[in-house]
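# An overview of the molecular structure
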Amino acid sequence: MATAVLQARMSSSRLPGKVLRPLLGQPMILRQIERLRRCRRLDRIVVATGDHPSDDILAETLAGTGLEVVRGPPEDVLGRFLKVIETLGLTGDMVRLTADCPLADPDVIDACIDLRREGGFDYASNGQVRTWPRGLDVEAFTVEALQRAGAEAVSDYDREHVTPWLYRPGSPFRRGDLVQARDDSALRWTVDLPEDFAFVERVYAALYPKTPAFTSADILALPFTRRESDV
C-alpha cells in the first residue's frame, strides 16, 4: 500500500494563500490532486496541513470535497507526518509531495514508488540527483524509516524539511535515485512566486481544455517555458 501525503499551508512567505488560488476555476491544490489521482501506485491521498488558524480555510475547503485532512504542528512538519501515520494507522510506503506542484507527473510518482520497492531501498527520490524539472519532486520511503527519523531527528532543519535525516551522508538507510536520460533540471514548474503561477496558468489554459490529463511531454512541447534562471 502506498499513501501520498501532500503537505500544504496557507502561510507561504512569498505567495500567501497560493494553494487555494483559482486555476481554471478550481483551487490550485485541487488541480494537483486531480493529477495525483491518476497515479496507479497510490492507494490513498492525505493532506497534512498545520493547526494554525490561518490554515482553517484550507482544511475546511478540502474536507468539503471529501479529502482526508490531518492537522499538526505548523513548523514541525516531520511531526505532522508522524501524526498522519498515527492517526490513520499507516503501513507500507509513504510518498511525500508538496502542494506547490500543480504540474505533478503521475508517471514520475509511480516510477519513484517502483524504484523504492524493486530496489529494496528505504528511501527513493528524484531530487537528490536532479534531472527532472523542479515541480515534479517526489520522495518515497517506508513508514518505518520515517518513524525512526522522527525518533532521532532533533534539529529544526530536519523537523521542518521532513526527510533530510533519511538521505544525508552517513545515514543508515539505503537510498535510490530516480533519474532520466534527459536533463531537465533547469526547468522550473513549481509555484513559489507570482511569475511561477502565471506560467502554470498559461500551461493549463493551453492544454487542459482539450487534454485534462496532459503529460510532461505536452508541457515540454509548448512554445514557452520557465527556467530556474528566470527567478
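Preceding block: the structure.
These lines cover the structure that appears in this document, whether it is placed above or below. Remember, it's a predicted structure, so these values are computed and weren't measured experimentally.

## A look at the overall build of the protein chain
Check the secondary structure of the protein chain and you find nine helices and nine strands. On C-alpha atoms alone, the protein chain measures out to a radius of gyration of 17 Å, which is about the 17 Å that the 2.2 N^0.38 rule sets for 231 residues. With the principal axes as the frame, the protein chain shows a C-alpha extent of 45 × 45 × 30 Å. For the protein chain, the residues scored as buried account for 53% of the 231 residues in total. About 10200 Å² of surface is accessible on the protein chain, with carbon and sulfur atoms providing 50% of the total. Counting 30 positive and 35 negative side-chain charges, the protein chain places the averaged centre of each group 3 Å from the other.

## Let's talk about the packing of aromatic side chains
Under the criterion given, the structure shown has six aromatic pairs. Residues F199 and F224 carry aromatic rings whose centres are separated by 6.0 Å and whose planes lie at 85 degrees to one another, so their mutual orientation is edge-to-face. Pair noted here: F199 is in helix α8 (residues 194-207) and F224 is in the segment after α9 (216-220), with a separation of 25 residues, a long-range link. Among the aromatic side chains, those forming a connected cluster through ring pairs are Y123, F141 and Y167. For the cation-ring pair, R31 lies above Y208, with the distance from its terminal atom to the ring centre recorded as 4.7 Å.

## Re the environment of F173
Structurally, F173 can be placed in the loop between α7 (164-167) and β9 (175-177). Each C-alpha atom of the pair F173 and G66 lies 35 Å from the other, and the pair is 107 residues apart in sequence. With residues near it in sequence (within four places) discarded, F173 still touches D122, A145, R148, W165 and L166.

## Here's the deal with the pairing of strand β5 (residues 68-72)
Bridge analysis of strand β4 (residues 44-50) against β5 gives five bridges, and the strand direction is parallel. Directly across from V47, in β5, lies its bridge partner V69. With helix α2 (residues 56-63) bridging β4 and its parallel neighbour β5, the resulting β-α-β unit is right-handed.

## Here we look at helix α5 (residues 143-152)
Every buried residue of α5 is listed here: V143, A145, L146, A149 and G150. Each buried residue of α5 sits inside an arc of 160 degrees when the element is viewed along its axis, so together they form one side. Turning to α5, the residues buried within the fold contact α3 (77-88), β6 (93-98), β8 (139-142), α6 (156-161) and α7.

## Quick word on empty space enclosed by the protein
Applying the stated criterion across every chain, the model contains one cavity of 30 Å³ or more. Computed from the structure, the largest cavity encloses a volume of approximately 60 Å³. Taken together, Q32, L97, T98, C101, A104, D105, V108, I109, G135, L136 and D137 form the lining of the largest cavity. Listed by contribution, the elements that provide at least two residues to the lining of the largest cavity are β6 and α4 (106-119). Per-class residue counts for the lining of the largest cavity are six nonpolar, three polar and two charged.

## Describing the sheet that holds strand β1 (residues 2-7)
Strand order in the open sheet formed by seven strands is β5-β4-β1-β6-β8-β7-β9, with mixed pairing between adjacent strands. Taken across any chain shown, the strands that pair with only one partner, and hence form the sheet edges, are β5 and β9. This sheet shows a mean twist of 25 degrees between the axes of neighbouring strands, independent of strand direction. The sheet contact formed by β1 and β4 spans five bridges and is parallel. Looking at β4, one finds that V5 is bridged to V46. Those strands touched by α3 are β1, β4, β5 and β6, and its axis lies near 130 degrees from that of β5. On the sheet, α5 packs against β6 and β8 and is oriented at approximately 85 degrees with respect to β8.

## Details of the nonpolar core
I29, L42, V95, L103, I109 and V203 are the most contacted members of the largest nonpolar core, which totals 50 residues. Elements supplying a minimum of two residues to this core: β1, α1 (28-36), β4, α2, β6, α4 and α8. Counting residues per element, this core draws most heavily on α8, at six residues. Setting aside anything within four residues of it in sequence, one finds L103 in contact with R35, L136, W189, F199, V200, V203, Y204, F214 and I219. Residues V77, M94, L166 and F173 belong to the second largest nonpolar core, which totals 23 residues.

Cut-offs applied
- Residues numbered from 1 in each chain as written.
- Predicted model: local features only at pLDDT ≥ 70, side-chain atom pairs only at ≥ 80, totals over all residues.
- Heavy atoms only, no water.
- Helix = DSSP H or I, 4+ residues; strand = E, 2+ residues; numbered from the N terminus.
- Rg over C-alpha atoms; globule rule 2.2 N^0.38 Å.
- Buried < 20%, exposed > 50% of the residue type's maximum accessible area, 1.4 Å probe, protein only.
- Areas by Shrake-Rupley, 256 points an atom, 1.4 Å probe, with all protein chains shown as cover.
- Lys, Arg positive; Asp, Glu negative; His and termini not counted.
- Charge placed at Lys NZ, Arg CZ, Asp CG, Glu CD.
- Phe/Tyr/Trp six-rings, centres within 6.5 Å; stacked < 30°, edge-to-face > 60°.
- Lys NZ or Arg CZ within 6 Å of the ring centre and 35° of its normal.
- Contact = heavy atoms within 4.5 Å.
- Pairing = 2+ DSSP bridges.
- Right-handed = clockwise from strand over helix to strand, strands pointing away.
- Arc of directions from axis to C-beta.
- 1 Å grid on protein atoms, 1.4 Å probe; cavity = no way out; pocket = protein on both sides within 12 Å on 5 of 7 lines; lining within 4 Å.
- Points joined across faces, edges and corners; volume = space filled by probe spheres on them.
- Nonpolar A, V, L, I, M, F, W, Y, C, P; charged D, E, K, R; others polar.
- Axes fitted to C-alpha atoms, helices over the stretch in contact; angles between N-to-C directions.
- Core = buried A, V, L, I, M, F, W, Y, C linked by side-chain atoms within 4.5 Å.

Take it as geometry only, folks, not as evidence of what the structure does.
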